[in-house]
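So you can see what is in the structure, the chains are spelled out below.
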Amino acid sequence: MFADTLIEKLQKSQHLVILTGAGVSAESGIATFRDALTGLWKKYDAETLASEQGFRADPALVWGWYEWRRKQVLQAKPNPAHYAIAQLAEQLPKVTLMTQNVDDLHERAGSHNVLHLHGSLHQPRCLDCDQAYDLPKQADSKNTSNVESRIDPPHCYDCDGPIRPGVVWFGEQLPVNVWKLAQEACRECDLMLVIGTSGVVWPVADLPNFVNKDRGCVVQINPNITSLNGLASYNLSEKAGAILPKLYAAAFT
Ligand code: APR
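Residues numbered from 1 in each chain as written. Predicted model: local features only at pLDDT ≥ 70, side-chain atom pairs only at ≥ 80, totals over all residues. Heavy atoms only, no water.

**Some details on the site of the ligand**
Keep this limit in mind: Being near a molecule or strand, for a residue, comes down to having at least one heavy atom within 4 Å of it. Definition of a polar contact: a pair of N or O atoms within 3.5 Å, with one able to donate and the other able to accept a hydrogen when the atoms are protein atoms, and with sequence-neighbouring residues admitted only if both atoms are side-chain atoms. Each accessible area value is a Shrake-Rupley result obtained with a 1.4 Å probe; residue values ignore everything except the protein chains displayed when judging cover. Each residue receives one of three labels: charged for Asp, Glu, Lys and Arg, nonpolar for Ala, Val, Leu, Ile, Met, Phe, Trp, Tyr, Cys and Pro, and polar for the others, Gly being one of them. Domain extents, as shown, originate in an automatic or database domain assignment.
Inspection of the region around the ligand gives 21 residues, with E27, R34, T197, S198 and N224 positioned closest. In the model, an oxygen atom of the ligand is placed 2.8 Å from a nitrogen or oxygen of the A22 main chain. When the ligand is considered free in solution it has 730 Å² of accessible area, and contact with the protein chains removes 93% of it. Of the residues that constitute the shell around the ligand, the class distribution is seven nonpolar, 10 polar and four charged. Counting contributing residues, the shell around the ligand receives three or more from each of domain 1 (1–29 + 78–119 + 173–253) and domain 2 (31–75 + 125–164).

**Focus on the packing of helix 1 (residues 4–12) against helix 10 (residues 240–252)**
Quick note on the threshold: Here an axis means a line fitted to C-alpha atoms, over the contact stretch when the element is a helix, while the angle between two N-to-C directions is reported on a 0 to 180 degree scale. Here a helix means four or more residues in a row that DSSP labels H or I, a strand means two or more in a row labelled E, and each is numbered from the N terminus. An angle below 35 degrees is treated as roughly parallel, one above 145 as roughly antiparallel, one from 65 to 115 as roughly perpendicular, and anything else as oblique. Between two residues, a contact is recorded if the distance between any of their heavy atoms is within 4.5 Å.
Between helix 1 and helix 10, whose axes approach to 9 Å, the crossing angle comes to 75°. The pairing of helix 1 with helix 10 is recorded here as roughly perpendicular in orientation. Contacts between helix 1 and helix 10 involve L6, I7, L10 and Q11 from the first element and L247, A250, A251 and F252 from the second. Residues of the contact of helix 1 with helix 10, tallied by class, amount to seven nonpolar, one polar and no charged.

**A look at the packing of aromatic side chains**
What counts is decided by this rule: The criterion for an aromatic pair is that two Phe, Tyr or Trp rings (for Trp, the six-membered ring) have centres within 6.5 Å, with stacked assigned to planes under 30 degrees apart, edge-to-face to planes over 60 apart and tilted to the rest. Only protein chains enter the accessibility calculation, which uses a 1.4 Å probe; a residue whose area is less than 20% of its type maximum is buried, one above 50% is exposed, and one in between is partly exposed.
Under the counting rule described, the total for this entry stands at six aromatic pairs. Note on Y66 and W169: the rings are 6.4 Å apart at their centroids and 55° apart in plane angle, and the pair reads as tilted. Of this pair, Y66 sits in helix 6 (residues 59–75) while W169 sits in the loop between strand 5 (163–164) and helix 9 (176–188), and the two are 103 residues apart along the sequence. For the pair formed by Y66 and W169, the shared burial category is buried. For the pair W179 and F210, a centre-to-centre distance of 6.4 Å together with 90° between the ring planes defines the contact as edge-to-face. Of this pair, W179 sits in helix 9 while F210 sits in the loop between strand 6 (191–195) and strand 7 (218–221), and the two are 31 residues apart along the sequence.

Now the structure itself:
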């Protein structure tokens, strides 16, 4: 099922980088962005909605959508891909896990120190003063019945500004320290697994290019072809939840 060379690289890895996208949560029932998505992405221009100006223009629509997504995440469970990724970290000397996902399924599967390149649904903050805001553990279920629920965002305890989702919006910079760590890890690693991302959103799409061509190797796990197919040394065209447990077993059991 797997090339011996790939298994050997995984077994001997001294620093493995794992980059995930929405595809790793697809088998947990969380819709990806560019697959056939809930109506919202078709009815509204994503870059308008998932942006500061979109939020300022219609805070209730944008906050309602993120609460709907948070409710989806709270109801979802990690899938075998998340668990296999957490198990890899227990087997190898150094694993840096970085994700574009704003859910906490990696953490709930046992992964630690996850680099959230695009922020997190669970870390909202004040739009005006940046103060963190503690959301109730359960999303407001009566109002998040559908993707277009409108919910007025809460207000900051300190300055009364509107609370915004803790995600990186289009046009915003990635968290500076997280981005620096991600670049350093990709430069240093000897193996990079790129799992479930279409690789169309920059600057994250550039990370596989940071892998040292002499020392490193890129492996893609995605049932569809992406722009990464040409750069990856191995393209495993399978669903992450199906193939990652097999890859783990082939290398470590
Ligand atoms: N296993 C592996 N890959 C999968 C699976 C699966 N079960 N199901 C779908 N995929 C792949 C799809 O083929 C696609 O290439 O996951 C990828 C998901 O791509 P996108 O929906 O574009 O998600 P992602 O790459 O994470 O988007 C990046 O774009 O909208 C912004 O900020 C948002 O973080 C997001 C960023």
